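Architecture at a glance
Listed here are the chains, written in short residue letters.
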Amino acid sequence: MRIENDIKLDFKDVLIRPKRSVLSSRSEVSLEREFRFKNSGATWKGVPIIAANMDHTGTFNMAKSLSEHHLLTALDKFIELKEWQQFAETYPNIISSCFVSTGITENEFKKVQEIIKIANVSMICLDVANGYTERFVDFLKQLRDAYPQLIIMAGNVVTGEMVEELILSGADIVKIGIGPGSVCTTREKTGVGYPQLSAIIECADAGHGLGGHVCADGGCTSPGDVAKAFAAGADFIMLGGMLSGHDECLGDIIEKDDGQRFKRFYGMSSTEAMEKHHGTVAEYRASEGRSVNVPYRGPVKNAVLDILGGLRSTCTYVGAHRLKELSKRTTFIRVTKQLNEVFATYANNNTNY
């Protein structure tokens, strides 16, 4: 056993210091980025925000809405082949904005092969809770050997040395985050995790040193957190809770007796998710997710515009003409308090995320 005494930071621990800027309007800021990926050699251009591959947010309806704003969607791995085929035939142009998701079993590998045949997908999200196992690395190598030309995002990890190993094993993008999600209880159940801001900073440094890219997955609760994640060096950001509760999300609207409306949202390692997709929670494991009712929030477009507007505003505060420049122009300052919440309990909750 050993103890590291270096302070590790989360989004709540910092603010971004403003700098002199020549930008006169948020409209002058470009949020699009263009990447060329190390292992596949493929290129992609757009706004590097991804809807999480949870069955609530990783839906075809979400992909349709987000693609209008040049955002990406990692589709839920439990979507049936016939649904993939129908969507690919009906919306062939949107497939280029979608990741197909997979775990590390041979059955999942076979399903991915079938999806790629019928839908011509160009991006794969290799997603497990624990990206530190040899089995995960071996599966990544197998996937890269089978699809040398496709963009592969793999995770999750939180340390630089594992980012390096995954990039050297074939990942173009490494997904960063263990336990920061709003419906994730991994830290509570296992005691394992890493403060998300420090994880992004350290992992981005390691990944960029090898010519790879990183995706911050989890922990963002506001547009300001999204800005901090990009400022910390993330190339992509994956959002779950901030995109939950919308029309495009899975599930029916639940109306309570008092007229309030909700949608169901749960972690993919929760009891509810495991019982839904696997029939039961295996005796050898514990649930590492929670289930909640989130307020119904209407079309996801409202949330997207709020997030992108906040991000453009961040760039104007530090003089970044392009999103690519944000991390280079950021100075984080340590804080003990971020918000004045004296009236927070009295305010109407009109946020869209």
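The structure displayed is predicted, hence computed values, not measured ones.

So, on to the packing of helix H5 (residues 160–168) against helix H7 (residues 196–209). Helix packing for two helices is described by the angle between their axes and how far apart those axes are. Close contact between H5 and H7 brings their axes to 8 Å; oriented N to C, the two are set at 35°. Where H5 crosses over H7, the handedness of that crossing is right-handed. Taking contact as the criterion, the partners of Gly160, Val163, Glu164 and Ile167 in H5 are, on H7, Glu202, Cys203, Ala206 and Gly207. Of the residues belonging to the contact of H5 with H7, the class tally is four nonpolar, two polar and two charged.

Glancing now at the nonpolar core. Membership of the largest hydrophobic core comes to 45 residues, with the highest contact counts inside it found for Trp84, Ile124 and Leu166. Every residue in contact with Trp84, bar those within four places of it in the chain, is listed here: Phe60, Leu75, Ile79, Ile95, Phe99, Val100, Ile115, Ile118, Ala119 and Val121. Formed by 38 residues, the second largest nonpolar core is a distinct cluster that contains Val14, Val226, Ile237 and Ile307.

In this structure, the second largest pocket occupies an estimated 360 Å³ of space. If you list the elements that add at least two residues to the lining of the second largest pocket, you get helix H1 (60–67), helix H2 (81–90) and helix H9 (271–278). For the lining of the second largest pocket, the element with the most residues is H2, which contributes four residues. Classifying every residue of the lining of the second largest pocket by side-chain character gives seven nonpolar, six polar and seven charged.

About the cut-offs
- Residues numbered from 1 in each chain as written.
- Predicted model: local features only at pLDDT ≥ 70, side-chain atom pairs only at ≥ 80, totals over all residues.
- Heavy atoms only, no water.
- Axes fitted to C-alpha atoms, helices over the stretch in contact; angles between N-to-C directions.
- Helix = DSSP H or I, 4+ residues; strand = E, 2+ residues; numbered from the N terminus.
- Left-handed = near helix turned anticlockwise from the far one by under 90°.
- Contact = heavy atoms within 4.5 Å.
- Nonpolar A, V, L, I, M, F, W, Y, C, P; charged D, E, K, R; others polar.
- Core = buried A, V, L, I, M, F, W, Y, C linked by side-chain atoms within 4.5 Å.
- Buried < 20%, exposed > 50% of the residue type's maximum accessible area, 1.4 Å probe, protein only.
- 1 Å grid on protein atoms, 1.4 Å probe; cavity = no way out; pocket = protein on both sides within 12 Å on 5 of 7 lines; lining within 4 Å.
- Points joined across faces, edges and corners; volume = space filled by probe spheres on them.

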